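Single-letter residue listing:
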Amino acid sequence: MFATLHVAGRILPWADDAADGRVTISTGLRSLTGWPVLRGLQTAALALAVGFAGLTAQPVQAQALLNVSYDPTRELYADIDKAFAAWWVAEGNPAPEIQASHGGSGAQARAVIEGLDAQVVTLALAADIDKIAAQGKLPADWQGKLPHNSSPYTSTIVFLVREGNPKGIKDWGDLVADGVEVITPNPKTSGGARWNYLGAWAWAEQNGQDPQEFVKSLYTHVPVLDKGARDATTTFTQREIGDVLLAWENEAYLAQKELGEDQYDIVVPSVSVLAEPPVALVEANLHSDDQRKLAEAYLSFLYTPEAQAIIFKQFYRGWDTSKADPADVARFPQLKLVDIAHFGGWSKVQADHFADGGIFDQIYVAQ
Amino acid sequence: MMTGLVHRSPIPGFGLSAGVTLTMLSVVVLIPIGALFLEGFSAGIPTLIDTINTGRVRAALYLSFRLSVIAACVNLVFGLVLAWVLTRYDFPGRRILDAAVDLPFALPTAVAGIALTALYAPNGAFGALFKDLGIKIAYTQWGILIALIFVGLPFVTRTVQPVVEEIEREVEEASATLGASRAYTIRRVILPLLMPAALTGFGLSLARAVGEYGSVIFIAGNLPMKTEIAPLLIVIKLEEYNDPGAAAIGLAMLAISFGMLFLINLVQVFSRRRIGHV
């Protein structure tokens, strides 16, 4: 970038300014052409200034909305946002700018607590929204504000196995058979993984086994504890690790759809959990009345027949079947579902099972 | 009073440059670390010790530091050879290879982690080879080690390269004319000259490996007591909203790292004394 001309003896360098500002220096033997250093510095300083200016965040638009959601809802909210934007414009409003952020439910809740400017949260567990409410960002009774415990859909946990079910997995009890490898994410970092854990717990309770012993032996069959539900799906499908993936029902159907029905089978266990992923408005992050209107409309839109049809199409169990494709509704098998109240509610489950030193920690440390 | 005690440098500009340095260091390094101390000690020292002194935290710390030391040792040897080859020989593609050494710096660690996992998983290109030999790489401690070697590779090479360039050929020639064999020249002439820089690179590579998170979580398997690294445990504590617990592990890592880097510096001082200033 820089070159030096040694000017020796009494030969004087002569400089010649070109039209574009470049300077040529010559000693007679060698000559150098280039921008003067000062000019280069000016350009660099300007570039830096532009770079720093870019760091300052853009002011939030009134018609902008950030939906902070959990891991496997990418496809769902991509569709919902499109439908909502079209509906919102048809209602005579300016085009909204809806952004979505996805990640492990717990990590997402933490980001909102630490200041991520989400107007709407749609997480995997009520417990995670409770944590945000505990910081005063939304009222403690948020779950009563929208129908069905603020859950626009429910879902459950099923098994995804390889084509033909070579290990003959039918129910939770088969997961602890010799040589079976189970893929499930880490309940500490993944909301879905907590439901997996609770599903196993519920099955053991109903089949006369010691739940803690059963769950413990189940986790000895887990070769990889991924951070989130989508990571676990990748491990099972792309890396071909494990014989069975404990997955969100929607994730299992999605994997089958995306990767081929001839590669994976879905096994529905005799009992599973009724997961109610809730949605809520983050009151503290509403910056104007316009934004509040938009955010409220967005959440109530989730309960409209149009949105519910998308929800069914994306393999979630919605409430309103009036506009849904009957085939989308019919594919859900009926099975015995246990909800979180059965385990004593999220705050109890969280404290007993997943807190520091809780039952899940004991499973691993005791080995 | 003070001016009488402090020996003022004759070079002007000390006040300004020291001010800028201190401000930068405070904003970027010292204050965040201060906050870590504050949070870690907030629950009291007994709680701090209890948090660290559980089987799972001890296992994670041991795993992280053990693998980091191994990775740094591999990088020390490999990095020295690489630096030597890249500076001393000229061959087609040398400059491209030279640039490629920096890739682990530039690549987002998550990308590196996913790429390594795809390669070393049992169905990946390398993983399949090892699978035939009955060795599992991805999702075991081997996988973590490979990721740590990857992220630490440039440090030794980049610190040693300028020193290799500086060594005059005459030094080697003098050694040869005095009757030293090639191996003896390397052992008694070249390596002592490279050692201080190599140790610096070793320390940097070690520090980087200890703190590495992004690439390791994809390839590690993350099983508690087996393949769970200390930085992941910190993230888990944070997601349990256990900030003091997370800070406690952070402090433990900081203390151990400090001890190790201190040792490396001692070795450096010792080797400088032995062979003179380089």
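Residues numbered from 1 in each chain as written. Chains lettered and ligands numbered in written order. Predicted model: local features only at pLDDT ≥ 70, side-chain atom pairs only at ≥ 80, totals over all residues.

Colleague: Tell me what's going on with the overall build of chain B, and back it up with residues and numbers.
Modeller: If you tally the helices and strands in chain B, you get 14 helices and 0 strands. Each helix and strand of chain B, placed in order from N terminus to C terminus, yields the pattern α-α-α-α-α-α-α-α-α-α-α-α-α-α. For chain B, the residues scored as buried account for 33% of the 278 residues in total. For chain B, the proportion of contacts with a sequence separation of at least 24, taken over those separated by at least 6, is 78%. (Helix = DSSP H or I, 4+ residues; strand = E, 2+ residues; numbered from the N terminus. Buried ≥ 20, exposed ≤ 12 C-beta atoms within 10 Å, placed from the backbone. Contact = placed C-beta atoms within 7 Å.)

Colleague: Any chance you could break down helix α11 (residues 305-313) of chain A for me, citing the residues and the numbers?
Modeller: All names here are of chain A. Residues of α11 that are buried: Ala307, Gln308, Ala309, Ile310, Ile311 and Phe312. On its buried face, α11 sits against α2 (74-90), β7 (153-154), α10 (289-301), β14 (317-318) and α12 (326-330). Remark: Phe315 follows α11 within two positions and exhibits a positive phi of approximately 75°.

Colleague: Give me the confidence of the model for chain B: which residues, what numbers.
Modeller: Per-residue confidence for chain B averages 89 on the pLDDT scale, and 96% of its residues sit at or above 70. As a predicted assembly, this complex carries a pTM of 0.78 together with an ipTM value of 0.72. (pLDDT = per-residue confidence, 0-100.)

Colleague: Go over the domain arrangement of chain A with me, naming the residues and quoting the values.
Modeller: Each domain of chain A was delimited in the assignment, giving domain 1 (14-55), domain 2 (64-153 + 277-324) and domain 3 (157-274 + 336-365). Between the C-alpha centres of domain 1 of chain A and domain 2 of chain A the distance comes to 53 Å. (Domains from an automatic or database assignment.)

Colleague: Explain the sheet that holds strand β10 (residues 244-248) of chain A residue by residue, including any values.
Modeller: Residues and elements named next belong to chain A. The 4 strands are arranged β9-β10-β8-β11 in an open sheet whose pairing can be described as mixed. This sheet does not close on itself; its edge strands, each paired only once, are β9 (182-183) and β11 (264-267). Here strand β8 (residues 157-162) runs beside β11; their pairing, made up of 4 bridges, is antiparallel. Across the sheet, residue Arg162 finds its bridge partner in β11, namely Tyr264. Along the sheet, helix α8 (residues 229-237) contacts β8, β9 and β10; its crossing angle with β10, the most-contacted strand, is approximately 150°. (Pairing = 2+ DSSP bridges. Axes fitted to C-alpha atoms, helices over the stretch in contact; angles between N-to-C directions.)

Colleague: Break down the interface of chain A and chain B for me, citing the residues and quoting the values.
Modeller: Taken residue by residue, the interface counts 20 residues in chain A and 20 residues in chain B. Elements that contribute at least two residues to the side of chain A that touches chain B include exactly α3 (105-113) and α14 (359-365) of chain A. A per-element tally of the side of chain A that touches chain B places α3(A) first, with 3 residues. For the side of chain A that touches chain B, the per-class residue count stands at 8 nonpolar, 4 polar and 8 charged. (Nonpolar A, V, L, I, M, F, W, Y, C, P; charged D, E, K, R; others polar.)

Colleague: Account for the nonpolar core, with residues named and values stated.
Modeller: Counting 145 residues, the largest nonpolar core has A:Val121 and A:Leu160 as the members making the most contacts within it. When sequence neighbours within four positions are dropped, the list of residues in contact with A:Leu160 reads A:Phe236, A:Val244, A:Leu245, A:Ala247, A:Ala252, A:Ala255, A:Tyr264 and A:Ile266. (Core = buried A, V, L, I, M, F, W, Y, C linked by C-beta atoms within 7 Å.)

Colleague: Describe in detail helix α9 (residues 141-166) of chain B, supporting the description with residues and values.
Modeller: The end-to-end C-alpha distance of α9(B) is 39 Å, a good match for the 38 Å that 26 residues give at a rise of 1.5 Å each. A maximum bend of about 40° is found in α9(B) at B:Gly152, where proline B:Pro154 lies one to four positions downstream. (Expected span 1.5 Å × (residues − 1). Bend = angle between axes of the 7 residues up to and from the residue.)

Colleague: How would you summarise unusual backbone geometry if you had to cite specific residues and measurements?
Modeller: Its identity is not glycine, yet A:Asn165 carries a phi of approximately 45°, on the positive side. Here A:Asn165 lies in the loop between β8 and β9. A positive phi is found at B:Asn222, a non-glycine position, where the angle reads about 55°. Examined against the element boundaries, B:Asn222 turns out to sit in the loop between α12 (216-220) and α13 (230-239). For B:Asn222, a count of 26 C-beta atoms within 10 Å puts it in the buried group.

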